[in-house]
There are 2 protein chains.
Amino acid sequence: MSLLVVGSMAYDDVITPAAAVSDALGGSATFFAAAASFFTSVNLVAVVGEDFQQEEIAFLRDRGVDLDGLQVEPGQTFRWKGRYLENMNDRETIFTHLNVFEQFNPRIPEKYRNSDFVFLANISPELQLSVITQVHQPRFVALDTMNYWITGTPGPLREILKKVDALVVNDSEIRELSGEDHIIRASRAVQAMGPRTLIIKRGEHGALLAHDENYFFCPAFPVEHLQDPTGAGDTFAGGFMGYLARCGQVNEETLRRAVVYGTAVASFVVEDFSCKRLRDLSRREILSRVDALHAMTRFDTDAFGLAED
Amino acid sequence: MSLLVVGSMAYDDVITPAAAVSDALGGSATFFAAAASFFTSVNLVAVVGEDFQQEEIAFLRDRGVDLDGLQVEPGQTFRWKGRYLENMNDRETIFTHLNVFEQFNPRIPEKYRNSDFVFLANISPELQLSVITQVHQPRFVALDTMNYWITGTPGPLREILKKVDALVVNDSEIRELSGEDHIIRASRAVQAMGPRTLIIKRGEHGALLAHDENYFFCPAFPVEHLQDPTGAGDTFAGGFMGYLARCGQVNEETLRRAVVYGTAVASFVVEDFSCKRLRDLSRREILSRVDALHAMTRFDTDAFGLAED
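Presented here is a report on the structure given in the accompanying data block.

What counts, and where the lines are drawn
Residues numbered from 1 in each chain as written. Chains lettered and ligands numbered in written order. Predicted model: local features only at pLDDT ≥ 70, side-chain atom pairs only at ≥ 80, totals over all residues. Heavy atoms only, no water. Pairing = 2+ DSSP bridges. Helix = DSSP H or I, 4+ residues; strand = E, 2+ residues; numbered from the N terminus. Axes fitted to C-alpha atoms, helices over the stretch in contact; angles between N-to-C directions. Contact = heavy atoms within 4.5 Å. Least-squares fit on C-alpha atoms with pLDDT ≥ 70 in both. Buried < 20%, exposed > 50% of the residue type's maximum accessible area, 1.4 Å probe, protein only. Arc of directions from axis to C-beta. Disulfide = S-S within 2.5 Å. Salt bridge = Lys/Arg side-chain N within 4 Å of Asp/Glu carboxyl O.

Some remarks on the sheet that holds strand β1 (residues 3–6) of chain A
Residues and elements named next belong to chain A. Taken in spatial order, the nine strands line up as β5-β4-β1-β8-β9-β10-β11-β12-β13 in an open sheet, and their pairing is mixed. With partners counted over all chains shown, the strands left at the sheet margins are β5 (65–73) and β13 (214–218), one partner each. Shown here is a sheet whose adjacent strand axes are inclined to one another by a mean of 15°, direction ignored. Across five bridges, strand β11 (residues 197–201) lies against strand β12 (residues 207–211) in antiparallel orientation. Paired with Lys201 across the bridge in β12 is Ala207. Strands in contact with helix α7 (residues 183–191) are β10 (166–170), β11, β12 and β13; relative to β11, the strand with the most contacts, it is inclined by about 140°.

Following this line, the structure appears as structure tokens:
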């Protein structure tokens, strides 16, 4: 089924303990769309400047991403520069130049308005609300956000939370949003704000899915040669939503599998800078990592006679 | 099969953000034996002072723990006082009075020397080596240790690591022991020191089993009302070893289940101070939490036609 993403496209300068890259393709919508394109066709709405390269557009178009919603505006594309610390978890921002993204006003093309699945990547809650009013009765809407909006624009964020089916956040964000330190209490508090479904990203510790009162834990795939964590969360979200849209139905079983597929795709993107690893990734490789995640979590519950004692 | 534990017995003063207790039964051998006793009979070797109460001995004896190896020496029992911080993960030690534990010289009674399964709780590597020389060809020996021995007595620790089948540690300990930050590289480095099997405890993020080249991730059971984390690791180890001894065979399948049973029992002990929650715990409750852990991790790998594309 059709999948719409609204988010950012960017050029990133990234420094890690091992290497550095400049003008690398980045942005939430980019990673999301590239990841989701392994599973379904994607409609993309974002804004770039006149400096944006045709080769990036060709890369996404070749992957089946519809770019008729890409707005090209006078000026420069969003640019971010950051440095990862030794542990590859913490990072510091060196600069953020919003450029054309500062005036981003997402216009959803008529042909995207019947999209069944919608992902509102990390943009302001006001813009997320404006997207929601432009689409007709989607089946499943998922939202990303960040601490900046949680503390900066809590009112609009509460508004959009009432209108979405799922929230994709990391554990520090859900703790901040709920005011609860315990992850289960935090989940319940945020579910009470609207979304039935939460996907909580926990970095090297994997992801937690809360759907109604059920919980599902998926470990991270233990990537040995981590190169660049940039975009891992958006890639996860792209794999998650792409798999769900491919299934066409949302229930406990498909949500669990979607978390695993998202985990698998995200485990590849961090193996190289930017979204380079997604360029030559095969579906076979994704499936093989899904199988590996299954092998790393399965067990049977043989009680060895305990129940009879 | 028979299971031997050698470790400490103590009285603890514990302060948490919610409450405080004094003279609470503690010590690695205590938590271990109480947990393992749900699965098998346990032989215990430890030392206590003349102040040690008969009711604690009766509690363990009633649970099927053989205490003929308990050494009672002139003086006071080991005492520890600590305070947990708001997050319940970090703690500070207020005092440690080793008392009779300072001169602990474990003597393994003749009738324990044929124990099939042996757990060397967190005591000095020299004492762990002395225990190993006293037992005859056990099937499976597991070891606990801590940063204090990793940095303080690396030589004897390397010696004992060569002689054991499994190491039970937390993630900061395995990183320190291996000098590797990445958990999989750290595991491989420590396996190369001797043990085929590692059980890495990750607190609220669960446990990782490394057995040869296979990995198994088990989440922590999400306990909502955490009262006192003291003894959680030893209780986990007791459930793990107790279940293995009950099975009587060690392989990928039984090790995985043992990790899950250990996780389940540990999830109960933190719900109350000391080992109080183990006193009225039923096997039915343990099995129900094992089932819950299974429900929170299972998924199928339906590729929805991806493989054919």
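Some words on the relation of the copies chain B and chain A
Of the two same-sequence chains, chain B is brought onto chain A (RMSD 0.0 Å, axial shift 0.0 Å) by a rotation of 180°. What the rotation and shift describe, once combined, is the action of a two-fold rotation axis. A high fraction, 100%, of the interface residues of chain B reappear at the interface in chain A, so the copies pair face to face through one surface.

Regarding helix α2 (residues 54–62) of chain B
Residue and element names in this part refer to chain B. For α2, the complete set of buried residues consists of Glu56, Ile57, Phe59 and Leu60. The buried residues of α2 occupy an angular sector of 155° when projected down its axis, which confines them to one face. In this structure, α2 carries Gln54, Glu55 and Asp62 as exposed residues pointing more than 90 degrees from its buried face. Tucked inside the fold, the buried residues of α2 contact β2 (10–15), β3 (20–26), α1 (28–36), β4 (42–49), β5 (65–73) and α10 (276–279). Count one or two residues on from α2 and you reach Gly64, which has phi positive near 90°.

Observations concerning the state of the cysteines
Simply put, the disulfide is a covalent bond whose two ends are the sulfur atoms of two cysteines. Evaluated as defined, the whole model comprises zero disulfides over all chains. Not engaged in a disulfide, the cysteine A:Cys218 finds its nearest cysteine sulfur in B:Cys218; these two sulfurs lie 14 Å apart. For A:Cys218, a relative accessible area of 2% gives the class buried.

Focus on the sheet that holds β3(B)
Residue and element names in this part refer to chain B. The strand order across the open sheet built from four strands is β3-β2-β6-β7, with neighbouring strands paired in mixed fashion. Bordering the open sheet on either side are β3 and β7 (91–97), each of which pairs with just one other strand. Sheet twist, expressed as the mean angle between neighbouring strand axes with direction ignored, is 20°. Note: strand β6 (residues 78–84) against β7, six bridges, orientation antiparallel.

Regarding the pattern of salt bridges
Opposite charge on two side chains permits them to pair, given that their charged atoms come into close proximity. Under the criterion given, the structure shown has 48 salt bridges over all chains. Taking the shortest distance from any N to any O, the salt bridge between A:Arg202 and B:Glu204 comes out at 3.4 Å. One end of the pair, A:Arg202, is in the loop between β11 and β12; the other, B:Glu204, is in the loop between β11 (197–201) and β12 (207–211), on a second chain. Classification of A:Arg202 by relative accessible area gives buried; the value is 8%. Overall, B:Glu204 belongs to the partly exposed group, its relative accessible area being 35%. A salt bridge links A:Arg277 to A:Asp280, with the shortest nitrogen-to-oxygen separation between them at 3.3 Å. Assessed through its relative accessible area of 58%, A:Asp280 is described here as exposed. Overlapping salt bridges bring together A:Asp171, A:Arg175, A:Asp181, A:Arg202 and B:Glu204 as one network.

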